Every structure is written in C-alpha cells, then in structure tokens.
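Fold and geometry: a report
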Amino acid sequence: MAQIKSFLGVPIFTKEGALFGTLCAFDTHRFFSFTPEHVTLLQTFSTFLTYVIDLEDSKAKVERDLDRLTTKTQLVLQSITEGVIGIDLNGKITFCNPSAAALLGYSSEEIMDTMSIGQVSVHLSQRLEETIEDTSAFLLKNGGEIPVEFVCTPIYDKEFRIGAVLTFKDITERRKNEELALKSEKLALAGQLAAGIAHEIRNPLTAIKGFLTLIDSGSYDKRYTQIMSSEINRIELILTELLMLAKPQVVNYKRTDICLLLKEVISLLETQAIIKNVSIHHEVIENLWVYCEPNQIKQVFINLIKNALDALPKGGWIQIDNLVENHTVQITVTDNGVGIPPSTLKRLGQPFYTTKEKGTGLGLMVSNNIIANHDGKLVFDSRLNEGTTVKVTLPLYKDSKPNS
Ligand code: ADP
Ligand code: MG
C-alpha cells in the first residue's frame, strides 16, 4: 500500500451549509509543503463541487417528483369510473384505461394498439380535429350500444396536433330516469285529465239522461232534443280536443309558409268575426318558413283567434303580426278585448281551466303542448279591460331563403 507523504484537505459543504465531505490532495512520493495557492485552488474546487452536488440533488428530486406524478396519474386513470381513450392521428387507439375497456366490453389488450376509434364511434372518428362535448351511443364488443356522454379534445405537441383524448361515461341510468320522469309526468297529466273529463262529461250526460227520462214518460218537446243535441255536441268537442292531445296522430312535418297558413286560418274564422263585428288585420311577410306539422299549428292559431274573438263580446279588432328574430319567427295575436286578470293569467293552460260558460279549458293546454313539441314558446301578456297579446315563437326553417 502506498504511503501518503503529503496531505491537504478542505471541507465540502452543501448549499445549505451542511458538511458533505472532504476534498483531499496528497502525494505518495515526497514530503511536500502545500502553498496558499494550492489551498485556494482546492477550495475553489470544493465550492464548485457544492454546486454540482446541488444540481444532482435537484435532478434526482425532479425525477422523483415526475415518478410520483406518473404513478399518481396512472392510479387516477386506473381507478376513475370514466373511460379514457388516447387516439393517434390515424384514429388508432393508443391508450385506454380499465374503465374504458370494461364499459365497451373488451379487455385493455384487445383495444390498445389494435382497434381504431371508428370501431367505437363512426361519427366521432371523423371529427377528431375539434373539441366536442356531446352525448352519443358507443358500439360495444357484443354488437350492442351504450348511451354515453363524452368529451373529445385534440392534443397538441407545440403547435402540432398529435392525436386526441376521449373521456366518456355511461349514461344508461340517467336516460332511464329521464324516461321515467317523462312517463310519470304524462301519467300525472293523464290523471289530471281523467278527473276533469269525468266531471266535464258527466254534466252533459246528466242532462241527456234527464231529457230521455222525460221523453220516456211520454212528454215531448222539440226543445228537449235540441238541448240533447247541443249537449252531445259539447261532449264531442271535449273529446275532439282531448284526442288531439292524447292520440298519437300521424304527424307530417313540412317546410311551411307560416303567413300562408295564418291566411287560411283567418279565412276559416272570418265569417264568425264579421258576425261579432270584429275586424282581423294580418301583417303578411312573404316566404317566412317554419318546419312544422301544419295541421297542429293551424289548431294552435284557431284556438288563439277563437279566444280573442271570445274576448271581444262588443266587437273590436284582432291584429296578427310576424317578426323575425335570432333564427326564430314570432307571431303575435293581439286583441283589444276584456283582458286577463293576473289571477287567471297564472292558471292559463291548466286542463279544464276556463272562465267561459261554454268553454272547455283545453285549448291552451293543447296549444302549449303543440308549440313545445315544435321547440317553440307561447307567452301571454295582458291588461285587464285593454286587451291581450299572445306571442308564439317558433324556430325558423334553417335553409329558408328570404326571397326565393
Ligand atoms: P277556453 O277557450 O275553452 O276557455 P282556453 O284554454 O282556450 O279554453 O282558454 C282558457 C282561458 O284563458 C279562457 O277561458 C279565458 O279566460 C282565458 N283567455 C285565453 N285567451 C284569452 C284572451 N285573448 N283574452 C282574454 N282571456 C283569454
Ligand atoms: Mg279556447
């Protein structure tokens, strides 16, 4: 073993000032007296080492952090219930978490690096360049489908698009609940209606029965059959309006000129208006197209104009205007009739709510229903003794060209 003849040592400190070790210089040949220059040189090295140690330290720390982060990300991806799928530029699936595989009925191996996104959703595979948030149905391994809510976002490396990441969740349960809610709503309405119908029909039936008994007992008056006939008409009217709501009719949606439709409705009601000393004005805008079931929309305007006529026992006017705004057409039916008190305004549209002796209280309920089915709105504005405006908003037909 070599003999150390000369020795010089300087401490190495860490950046925080803790002793890290010693930096040594020695000679095994001769006894040597180190100069102050040697000491300074060694000290400089030592300081330099302090920096190297620090650098290595932070590098290790960054690596550790990165490792931890990756593990964490992995854990998150492994354990979340949402499906996560990575897609490359060719639409190939390069990554999928266990939930994604399970939801689609595959194993991770069956999907990753073998399947393309087109096998899950044809529709989505053509739109990987944009961020899409939507609901859709994804294809399962067994040939079935699941309803999903998904977000698909393109991924960029600097400015280059390198693929997309898709997250999705199964919304079968939610769909079921929605359907259930809709059904119970319909049932509630049916229940409400049934109670009302029984009441509404019992009255005329009682009258008819009474007159039948009278006729049976030998007394006859022409007025009896007249009343019976008008009571039967009333039952018929109620049933017709109800069927309008309840029966799934053959619906035939068409691109329809709404002003032309209004003209037809007005000509239908004009004689009644003249008899009641009511003038009807209609501002026509040509070629105002709406995608609708024309018979149903006619039914709505017949209801509204009839109501306006009923509100004008002493005569007056009805004004029908059209306005185009934000891809919708707004048709207003205004009358200068009796108006609606606030207490009544709240109850409009409730089945059988009527203030008329011979009313059915079904017109507005049916109208509301029809307009809602057309993605539209029906809004009342009224002042007592001044008049009423009903505003019907309907989506404009998409490809309508104003002057074609
Ligand atoms: P009905 O016409 O058979 O009474 P509707 O559902 O069509 O049933 O109307 C319900 C109620 O709304 C009417 O009885 C009336 O009180 C009120 N109403 C509707 N439109 C008007 C209007 N233009 N002016 C005044 N009241 C109206
Ligand atoms: Mg009515």
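Since the structure is predicted, the reported quantities are computational estimates derived from the model, not experimental observations.

A look at the overall build of the chain
Regarding its fold elements, the chain presents 10 helices and 14 strands. Scaling as 2.2 N^0.38, a compact globule of 404 residues should have a C-alpha radius of gyration of about 22 Å, whereas the chain reaches 41 Å, well beyond that. Over its C-alpha atoms, taken along the principal directions, the chain stretches across nearly 150 × 45 × 45 Å. By residue count, 34% of the 404 residues in the chain fall in the buried class. Pairs at least 24 residues apart make up 57% of the contacts formed inside the chain by residues separated by at least 6 positions. Summed over its atoms, the accessible surface of the chain is roughly 25500 Å², and 56% of this surface lies on carbon and sulfur atoms. One way to put it: in the chain the 41 positive side-chain charges average out to a point 5 Å from where the 48 negative ones average out.

A look at the side chain of Thr-50
Tracing the backbone shows Thr-50 in helix H1 (residues 36-79). On the basis of relative accessible area, Thr-50 is assigned to the buried category, the value being 12%. Excluding anything up to four places from it in sequence, Thr-50 contacts Ile-12, Phe-13, Thr-14 and Lys-15.

Details of a negative patch on the surface
A cluster of acidic residues, Glu-16, Glu-56, Asp-57, Glu-63 and Asp-67, forms a negative patch on the protein surface. Along the polypeptide, Glu-56 turns up in helix H1.

Structural notes on the packing of aromatic side chains
Scanning the entire structure with this criterion turns up five aromatic pairs. Here the aromatic rings of Tyr-291 and Tyr-397 are separated by 5.9 Å at their centres, their planes lie at 35 degrees, and the arrangement is tilted. Linking Tyr-291 in strand E10 (residues 289-292) with Tyr-397 in the segment after strand E14 (387-395), this pair joins segments that are 106 residues apart in sequence. Ring pairs connect the aromatic residues Phe-138, Phe-150 and Phe-168, which therefore count as one cluster. In this structure, Arg-255 packs its charged tip against the face of Trp-289, placed 3.9 Å from the ring centre.

So, the nonpolar core
One broad trend across soluble globular proteins is that nonpolar side chains are buried collectively. Ranked by size, the top nonpolar core spans 36 residues in total, and within it Ile-297, Phe-301, Ile-305, Ile-318, Ile-320 and Leu-394 carry the most contacts. The set of elements that each furnish at least two residues to this core consists of helix H7 (258-275), strand E9 (278-282), E10, helix H8 (294-310), strand E11 (316-325), strand E12 (328-335), helix H10 (363-373) and E14. Discounting chain neighbours no more than four positions away, the residues touching Leu-394 are Ile-258, Val-290, Ile-297, His-327, Thr-328, Val-329, Ile-331, Ile-371, His-374 and Gly-376. Core analysis: the next-biggest nonpolar cluster, separate from the first, contains 24 residues, Ala-101, Ile-132, Phe-150 and Cys-152 among them.

Re the environment of Met-115
With respect to the helices, strands and loops of the structure, Met-115 is situated in the loop between helix H3 (108-111) and helix H4 (122-125). Each C-alpha atom of the pair Met-115 and Val-390 lies 56 Å from the other, and the pair is 275 residues apart in sequence. When neighbours within four sequence positions are excluded, Met-115 is seen to be in contact with Lys-92, Ile-93, Tyr-106, Glu-110 and Val-120.

Details of the pattern of salt bridges
Tallying each qualifying case throughout the model produces 14 salt bridges. For the salt bridge of Lys-169 with Glu-82, the shortest nitrogen-to-oxygen distance reads 4.0 Å. Placement of Lys-169 in strand E7 (residues 160-170) and of Glu-82 in the loop between H1 and strand E3 (83-88) is noted, with a sequence separation of 87 residues between them. On the basis of relative accessibility, which here comes to 33%, the residue Lys-169 falls in the partly exposed class. Residue Glu-82 is classed as partly exposed on the basis of its relative accessible area, which comes to 27%.

Remarks on a nonpolar patch on the surface
Taken together, Leu-41, Phe-45, Phe-48 and Val-52 make up a surface patch of nonpolar side chains, about 400 Å² in accessible area. Locating Phe-45 in the fold gives a position in helix H1.

Examining the packing of H8 against H10
Interhelical geometry of H8 versus H10 gives an angle of 145 degrees and a closest axis separation of 9 Å. The element H8 and its partner H10 pack so that their crossing is left-handed. Residues Gln-296, Ile-297, Gln-299, Val-300, Asn-303, Leu-304 and Asn-307 of H8 pack against Gly-363, Leu-364, Ser-367, Ile-370 and Ile-371 of H10. Of the residues contributing to the contact of H8 with H10, the split by class is six nonpolar, six polar and no charged.

Things to note about the sheet that holds E3
Taken together, the five strands give an open sheet; going across it, the order is E4-E3-E7-E6-E5, and neighbouring strands pair in antiparallel fashion. Edge positions in the sheet fall to strand E4 (93-96) and strand E5 (132-139), since each has one partner strand and no second. Across the sheet, the mean angle separating the axes of adjacent strands is 30 degrees when strand polarity is ignored.

Concerning H7
Taking 1.5 Å of rise per residue, the 18 residues of H7 would be expected to cover 26 Å, and the 26 Å separating its terminal C-alpha atoms lies within 8% of that figure. The largest bend in H7 is about 45 degrees, located at Leu-269. Taken together, the buried positions of H7 are Ile-258, Cys-259, Leu-261, Leu-262, Val-265, Ile-266, Leu-269 and Ala-273. For H7, the N-terminal capping position is held by Asp-257, with its side-chain oxygen 3.0 Å away from the main-chain nitrogen of Cys-259.

Observations concerning the pairing of E4
Sheet faces and side chains relate simply in a regular strand, where the side chains alternate between the two faces. Here three bridges tie E3 to E4, and the two strands are oriented antiparallel to one another. Note on E4: the bridge partner recorded for Gly-86 is Phe-95. In sequence, E3 turns back onto E4 through a hairpin of four residues, with Gly-91 there showing a positive phi of about 85 degrees.

Some thoughts on the side chain of Gln-330
Tracing the sequence through the fold places Gln-330 in strand E12. Note on Gln-330: relative accessible area 11%, which makes it buried. In this structure Gln-330 touches Asp-321, Asn-322, Leu-323, Glu-325, Lys-391, Val-392 and Thr-393, once residues within four positions along its chain are discounted.

A few points about the packing of H7 against H8
At a minimum axis distance of 10 Å, the contact between H7 and H8 shows a crossing angle of 40 degrees. The orientation of H7 with respect to H8, classified from their angle, is oblique. The two elements H7 and H8 meet at a crossing, and its hand is right-handed. Touching Ile-258, Leu-261, Leu-262, Glu-264, Val-265, Ile-266, Leu-268, Leu-269, Gln-272 and Ala-273 of H7 are Pro-294, Ile-297, Lys-298, Phe-301, Ile-302, Ile-305, Lys-306 and Leu-309, all from H8.

Rules used in this analysis
- Residues numbered from 1 in each chain as written.
- Chains lettered and ligands numbered in written order.
- Predicted model: local features only at pLDDT ≥ 70, side-chain atom pairs only at ≥ 80, totals over all residues.
- Heavy atoms only, no water.
- Helix = DSSP H or I, 4+ residues; strand = E, 2+ residues; numbered from the N terminus.
- Rg over C-alpha atoms; globule rule 2.2 N^0.38 Å.
- Buried < 20%, exposed > 50% of the residue type's maximum accessible area, 1.4 Å probe, protein only.
- Contact = heavy atoms within 4.5 Å.
- Areas by Shrake-Rupley, 256 points an atom, 1.4 Å probe, with all protein chains shown as cover.
- Lys, Arg positive; Asp, Glu negative; His and termini not counted.
- Charge placed at Lys NZ, Arg CZ, Asp CG, Glu CD.
- Patch = residues over 30% accessible without salt bridge, like charges linked within 9 Å, V, L, I, M, F, W, Y side chains within 5 Å.
- Salt bridge = Lys/Arg side-chain N within 4 Å of Asp/Glu carboxyl O.
- Phe/Tyr/Trp six-rings, centres within 6.5 Å; stacked < 30°, edge-to-face > 60°.
- Lys NZ or Arg CZ within 6 Å of the ring centre and 35° of its normal.
- Core = buried A, V, L, I, M, F, W, Y, C linked by side-chain atoms within 4.5 Å.
- Axes fitted to C-alpha atoms, helices over the stretch in contact; angles between N-to-C directions.
- Left-handed = near helix turned anticlockwise from the far one by under 90°.
- Nonpolar A, V, L, I, M, F, W, Y, C, P; charged D, E, K, R; others polar.
- Pairing = 2+ DSSP bridges.
- Expected span 1.5 Å × (residues − 1).
- Bend = angle between axes of the 7 residues up to and from the residue.
- Polar contact = N/O pair within 3.5 Å; in protein donor to acceptor, adjacent residues only side chain to side chain.
- Parallel < 35°, antiparallel > 145°, perpendicular 65-115°, else oblique.

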